[in-house]
Amino acid sequence: MTECLFCRIIDGQIPADIVHQTERVLAFRDIQPRAATHVLVIPRAHHASLTELADADQGLLAELFLVAREVARLEQVQDSGYRLVSNVGADAGQEVDHVHVHVLGGQRLGPVARPRD
Ligand code: 5GP
Ligand code: ZN
């Protein structure tokens, strides 16, 4: 059994609230939403981060962002505005080592990044 949390969501071993999917990409709600709209967009194939995905498959990298845009349309935040975030590595606070793009919106968002302390 895979150790990767998001691979387990893709396999259906862990339930998720799916909002959109394509052959290669899955979008589901974050379990701990930090905005009115908070959806995660992930490739079905395991890649640890955006850095690794960029090395491995740039077409899939583009598809992640195209699906993120489609999620924004489906969630009706396309016109009000939304933010796409992908944390890479320790300083960014990446918790799950399966590349994902956060789609955040539905409310006024704070500054993009601020040092922790
Ligand atoms: P990161 O901090 O790696 O950029 O983002 C990981 C995200 O995954 C977090 O926002 C966290 O709330 C979310 N998350 C962690 N475990 C689960 C889970 O089991 N299900 C869902 N839907 N989201 C999760
Ligand atoms: Zn994985």
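Structural notes, computed from the coordinates. (Residues numbered from 1 in each chain as written. Chains lettered and ligands numbered in written order. Predicted model: local features only at pLDDT ≥ 70, side-chain atom pairs only at ≥ 80, totals over all residues. Heavy atoms only, no water.)

### Considering the coordination of the zinc ion (ligand 2)
So, step 1. Protein-derived coordination of the zinc ion (ligand 2) comes from Cys4 (SG), Cys7 (SG), His46 (ND1) and His98 (ND1), at a distance range of 2.0 to 2.3 Å.
So, step 2. Of note, the zinc ion (ligand 2) draws all its donor residues from one chain, in the sequence arrangement C-x2-C-x38-H-x51-H. Of this pair, Cys4 sits in the segment before helix 1 (5-11) while His98 is found in the loop between strand 4 (82-85) and strand 5 (101-105), placing the two residues 94 residues apart along the sequence. Across the pair, exposure class does not vary: Cys4 and His98 are buried alike. (Donors = N, O, S within 2.8 Å, 3.2 Å for Na, K, Ca; no water. Helix = DSSP H or I, 4+ residues; strand = E, 2+ residues; numbered from the N terminus. Buried < 20%, exposed > 50% of the residue type's maximum accessible area, 1.4 Å probe, protein only.)

### Some remarks on the nonpolar core
So, step 1. Judged by nonpolar contacts, the single largest core of 14 residues is most densely connected at Val41, Leu64 and Val71.
So, step 2. Residue assignment for this core shows that the elements contributing at least two residues are strand 2 (25-29), strand 3 (37-43), helix 3 (58-74) and strand 5.
So, step 3. Setting aside residues no more than four positions away along its own chain, Leu64 makes contact with Val25, Val41, Ile42, Pro43, Leu53, Val99 and Val101.
So, step 4. Ile9, Ile10, Phe28 and Leu40 belong to the second-largest nonpolar core, a separate cluster that totals ten residues. (Core = buried A, V, L, I, M, F, W, Y, C linked by side-chain atoms within 4.5 Å. Contact = heavy atoms within 4.5 Å.)

### Observations concerning the pairing of strand 5
So, step 1. With respect to burial, strand 5 is a largely interior element, five of its five residues being buried.
So, step 2. When strand 3 meets strand 5, the two strands line up antiparallel, connected through five bridges. Within strand 5, the position partnered with Val39 by the bridge is Val103.
So, step 3. For strand 4 and strand 5, the ladder comprises four bridges, and the chain directions are antiparallel. Counted as the bridge partner of Leu84 is Val103 from strand 5. (Pairing = 2+ DSSP bridges.)

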